[in-house]
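# Results of the structural survey
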Amino acid sequence: MADPARARKMADRIKVIVAKRIERGLRDPRLGFVTITDVKVTGDLQHASVFYTVYGSAEERADSATALKAATGMLRSEVGKNITARLTPSLEFIADAIPENAALIDDLLREARERDTQVEEQARTAKYAGDEDPYVKPREYAEDDDEDEGEDEGDDEEDDEEDDEAQPGGGQHAEVPAEVPAGSHLQK
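Note that the structure is predicted; figures quoted are calculated from it, not measured. (Residues numbered from 1 in each chain as written. Predicted model: local features only at pLDDT ≥ 70, side-chain atom pairs only at ≥ 80, totals over all residues. Heavy atoms only, no water.)

The next point concerns the overall build of the protein chain. Counting secondary structure elements, the protein chain contains five helices and three strands. Secondary structure elements in the protein chain, listed N-terminal to C-terminal, are α-β-β-α-α-β-α-α. Classification of the 188 residues of the protein chain by burial places 19% in the buried group. If you take every contact in the protein chain between residues at least 6 apart in sequence, the share linking residues at least 24 apart comes to 57%. Summed over its atoms, the accessible surface of the protein chain is roughly 15000 Å², and 50% of this surface lies on carbon and sulfur atoms. (Helix = DSSP H or I, 4+ residues; strand = E, 2+ residues; numbered from the N terminus. Buried < 20%, exposed > 50% of the residue type's maximum accessible area, 1.4 Å probe, protein only. Contact = heavy atoms within 4.5 Å. Areas by Shrake-Rupley, 256 points an atom, 1.4 Å probe, with all protein chains shown as cover.)

Looking at the element boundaries, valine 41 is found in strand β1 (residues 33-41). With relative accessibility at 16%, the residue valine 41 sits in the buried group. Each C-alpha atom, one on valine 41 and one on proline 4, is 9.4 Å from the other, the two residues being 37 residues apart in sequence. Discounting residues that sit within four places of it in the chain, valine 41 has contacts with Ala7, Met10, Ala11, Ile14, His47 and Ala48.

Moving on to the side chain of threonine 53. When you line up the elements, threonine 53 lands in strand β2 (residues 47-55). Those residues in contact with threonine 53 that lie beyond four places of it in its chain are Phe33, Val34, Thr35, Thr37, Asp96 and Pro99.

Glancing now at helix α3 (residues 72-82). Along α3, the residues classified as buried are Thr72, Leu75, Glu78 and Val79. The buried residues of α3 occupy an angular sector of 125 degrees when projected down its axis, which confines them to one face. Among the exposed residues of α3, those pointing more than 90 degrees away from its buried face are Gly73 and Lys81. Considering only its buried residues, α3 is in contact with α1 (4-24), α2 (58-70) and β3 (90-95). (Arc of directions from axis to C-beta.)

Here α1 crosses α3 at 125 degrees, and the two axes come no closer than 10 Å. Here α1 lies oblique to α3, going by the angle between them. α1 and α3 meet at a crossing whose hand is right-handed. In contact with Arg13, Ile14, Ile17, Val18, Arg21 and Arg24 of α1, α3 contributes Met74, Leu75, Glu78, Val79 and Asn82. Considering only residue class, the contact of α1 with α3 consists of six nonpolar, one polar and four charged. (Axes fitted to C-alpha atoms, helices over the stretch in contact; angles between N-to-C directions. Parallel < 35°, antiparallel > 145°, perpendicular 65-115°, else oblique. Left-handed = near helix turned anticlockwise from the far one by under 90°. Nonpolar A, V, L, I, M, F, W, Y, C, P; charged D, E, K, R; others polar.)

The next thing to look at is the packing of aromatic side chains. Scanning the model with the defined rule gives two aromatic pairs in all. Pairing phenylalanine 33 with tyrosine 55 gives two aromatic rings, centres 6.4 Å apart and planes at 85 degrees, and the pair type is edge-to-face. Of this pair, phenylalanine 33 sits in strand β1 while tyrosine 55 sits in strand β2; the two residues are 22 residues apart in sequence, bridging distant segments of the chain. The exposure class assigned to phenylalanine 33 is exposed, which follows from its relative accessible area of 59%. Pairing tyrosine 52 with phenylalanine 93 gives two aromatic rings, centres 6.5 Å apart and planes at 70 degrees, and the pair type is edge-to-face. With a gap of 41 residues between them, tyrosine 52 in strand β2 and phenylalanine 93 in strand β3 connect regions that are remote in the sequence. The class for tyrosine 52 is buried, based on a relative accessible area of 5%. (Phe/Tyr/Trp six-rings, centres within 6.5 Å; stacked < 30°, edge-to-face > 60°.)

Let us now look at the sheet that holds β1. Taking strand neighbours across the sheet as the criterion, the three strands line up as β1-β2-β3 in an open arrangement whose pairing is mixed. Two strands close off the open sheet at either side, each with one partner strand: β1 and β3. On average, adjacent strands in this sheet sit at an angle of 30 degrees to one another, irrespective of strand direction. Here six bridges tie β2 to β3, and the two strands are oriented parallel to one another. The residue bridging phenylalanine 51 from the neighbouring strand is isoleucine 94, located in β3. Relative to the sheet, α1 contacts β1, β2 and β3, its axis offset from that of β1 by approximately 160 degrees. Set on the sheet, α2 makes contact with β1, β2 and β3; between it and β2 the angle comes to about 150 degrees. (Pairing = 2+ DSSP bridges.)

Written out as structure tokens, the structure is:
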């Protein structure tokens, strides 16, 4: 089995040879405007698949396929003369589906654009099913409520400080054991 680099070089060389020979012209009136797009060579360098496209109608594509099939032997001998390999690979011509795929992709893109415009139109005229903003927001108080709360909060802070000082430990909370032994001074 040949290394992939050698197979790629041979495929590129076959592509150039076949394209030049088709450009010089084959004596077949059925042959249309043919473009060689790619060549794939097997790992053992015994078989080459030549991909091509034909510009024109379906009838011209069919005629060109027939002409290339008829000229396969002559094109293989041309390849054999111009490559440096012990064996000349057999050639197989395969119609490349690039134009059909490109047309399909264009159709899909056009359809996607149409759907996007429909969605944009629906979005312009759409109304909310519930509230415009369904998220919960912090409660807003009236101004006089805020003033009352501010006074109460200040009073609460002073009360808390007084309570802290009254507790044992100088304002820190002392821990009380869960079970108090009988006869203890902490029992109430």
